[in-house]
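Below, each chain spelled out in residue letters.
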Amino acid sequence: MTARQSRLELDAALRRPLPRPEAEALVRLLAGRRPEAHPHPLFRFPAAAGLLTGESLDHDTGTSRLLQEAEGPRLVASASLPPLPGLLEAGLGWLSGLLAASPGEVLGYVVPPGSHRHDLRLLVWDEAGGVGQLRGLGPLPEPASLAGGCSMAAFRRAAGLPPPDAPPAVLAPAMRRVALAQARRQALPVAQGLLDGPFDGQILFRAWLAEAAALSLGFTTARPALLLDAA
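Sequence order as written defines residue numbering, which begins from 1 separately in each chain. Owing to the predicted nature of the model, reporting of local features is limited to residues with pLDDT of at least 70; listing and counting of side-chain atom pairs is limited to 80 or more, with chain, interface and lining totals taken over all residues. By convention in this description, side-chain values take in all heavy atoms of the structure and omit both hydrogens and water.

**As for the pattern of salt bridges**
Filter applied, for reference: For this analysis, a salt bridge means a side-chain nitrogen from Lys or Arg found within 4 Å of a carboxyl oxygen belonging to Asp or Glu. Helix and strand definitions follow DSSP, with helices as H or I runs of at least four residues and strands as E runs of at least two, each counted in order from the N terminus. Residue burial is assigned from relative accessible area. The probe radius is 1.4 Å, only protein chains are included, and a residue is buried under 20% of its type maximum, exposed over 50%, and partly exposed in between.
Across all of its chains, the model carries 8 salt bridges by this definition. Close ionic contact of Arg 20 with Glu 24 constitutes a salt bridge, the shortest N to O distance being 2.9 Å. In this pair, Arg 20 and Glu 24 are both assigned in helix 1 (residues 20-30), 4 residues apart and thus about one turn of the helix distant. One salt bridge connects Arg 135 with Asp 126, and the closest N-O pair in it is separated by 2.7 Å. Judged by its relative accessible area of 28%, Arg 135 is partly exposed.

**Here we look at the environment of Trp 125**
How we decide: Only heavy atoms matter for contacts: two residues are in contact if any of them lie within 4.5 Å across the pair.
For Trp 125, the position within the fold is in strand 6 (residues 121-126). On a C-alpha basis, the gap between Trp 125 and Leu 14 in space is 13 Å, while along the polypeptide they are 111 residues apart. Beyond its immediate chain neighbours, meaning those up to four positions away, Trp 125 contacts Ser 96, Leu 99, Ala 101, Ser 102, Pro 103, Gly 104, Glu 105, Leu 107, Gly 132, Gln 133, Leu 134 and Leu 180.

**So, the pairing of strand 5 (residues 106-111)**
Just so we agree on the cut-off: A pair of strands counts as paired when DSSP detects no fewer than two bridges linking them.
Within strand 5, 6 of the 6 residues are buried, which leaves the element mostly enclosed by the surrounding structure. Where strand 1 (residues 6-14) lies against strand 5, 4 bridges are found, and the strand directions are antiparallel. Bridged to Leu 8 within strand 5 is Val 110. Judged from the 4 bridges that link them, strand 5 and strand 6 form a sheet pairing that is antiparallel.

**Side note on the nonpolar core**
So the rule is basically this: Here, nonpolar core means buried Ala, Val, Leu, Ile, Met, Phe, Trp, Tyr and Cys residues that are tied together by side-chain atoms lying within 4.5 Å of each other.
With 36 residues, the main nonpolar core has Val 106, Leu 122, Phe 155, Met 175, Phe 205, Trp 208 and Leu 209 as its most contacted residues. Of all the secondary structure elements, the ones that give two or more residues to this core are strand 5, strand 6, helix 4 (152-159), helix 5 (168-183) and helix 6 (201-217). Residues Leu 8, Leu 18, Leu 81 and Leu 98 belong to the second largest nonpolar core, which totals 30 residues.

**Examining the packing of helix 4 against helix 6**
The angle between the axes and the distance between the axes are what describe a pair of packed helices. Spelled out, the test is: What counts as an axis is a line fitted to C-alpha atoms, over the stretch in contact for a helix, and the angles between N-to-C directions run from 0 to 180 degrees. Geometric relationships in this document are graded by angle, where less than 35 degrees denotes roughly parallel, more than 145 denotes roughly antiparallel, 65 to 115 denotes roughly perpendicular, and other angles denote oblique. Three categories are distinguished: nonpolar for Ala, Val, Leu, Ile, Met, Phe, Trp, Tyr, Cys and Pro, charged for Asp, Glu, Lys and Arg, and polar for the others, with Gly belonging to the last.
Interaxial distance between helix 4 and helix 6 falls to 11 Å at its minimum, and their mutual angle equals 100°. The angle between the axes of helix 4 and helix 6 places the two elements in the roughly perpendicular class. When helix 4 is examined against helix 6, the residues Met 152, Phe 155, Arg 156 and Ala 159 are found in contact with a partner set consisting of Gly 201, Leu 204, Phe 205, Ala 207 and Trp 208. In terms of residue class, the contact of helix 4 with helix 6 is made up of 7 nonpolar, 1 polar and 1 charged.

**Quick notes on the side chain of Gln 182**
When you line up the elements, Gln 182 lands in helix 5. What makes Gln 182 buried here is its relative accessible area of 9%. Leaving out residues up to four positions away in the same chain, Gln 182 has contacts with Leu 137, Gln 202, Phe 205 and Arg 206.

**A look at the pairing of strand 2 (residues 65-69)**
Where strand 2 meets strand 3 (residues 72-81), 5 bridges bridge the pair, whose relative direction is antiparallel. Paired with Glu 69 across the bridge in strand 3 is Gly 72. Turn length for the strand 2-strand 3 hairpin, with the two strands adjacent in sequence and antiparallel, is 2 residues.

**Digging into the packing of aromatic side chains**
Using the following cut-off: Here is the rule: rings of Phe, Tyr and Trp (six-membered ring for Trp) pair when centre to centre is within 6.5 Å. Planes less than 30 degrees apart are stacked, more than 60 are edge-to-face, and the remainder are tilted.
Tallied over the full model, the rule gives 4 aromatic pairs. Centre to centre, the rings of Phe 155 and Phe 199 are 6.2 Å apart; their planes meet at 40°, and the pair counts as tilted. Separated by 44 residues along the polypeptide, Phe 155 in helix 4 and Phe 199 in the loop between helix 5 and helix 6 bring together distant segments of the chain. Looking at Phe 155, the relative accessible area reads 0%, which means it is buried.

This is the structure:
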């Protein structure tokens, strides 16, 4: 049986000015063509031609495009990629060099090759070491695995998190704080006296972030709600 394809979803501002070789490569990729003369390791893969245009029956992808906005150009990418070792990683590496973002900003998600179509892994911008790059977070919990543990309402109170449908001015800073801690595998404080059951902080922080990203940014595979009960 052929392994499932991977999925790439991205919505991010582009650097200004974008270096000419990268701009030309981006134009070719949006047309479904591989920039063969470009030196980045991504373009050693013939399948790199589909980085922004690939389609498959494995994923319900949309159309990749450039948007011209008042703040500058944005790249909206949606594609399905063959399950070739290193292809998705190389694509994320090349795309990282094109983007302008703030640390902790959630810019999209991937579904790893060979995994089921709802195995969403959020993409977070990190500038650790002084070089900005897209970092994929860990997997989301299965809803059944959260049953019998701490309720999400109690966890939010203990962690000082707003509801995932909070206004953007409240939600965005909390998302950046959680996303950056997740990308760097750092712990965040939790008032354990406010919890109402056993908990895995990393998993619950990731579940909260995924729900917030789905509601505020539209980053979702239409997965059923992750038992994020109302407060």
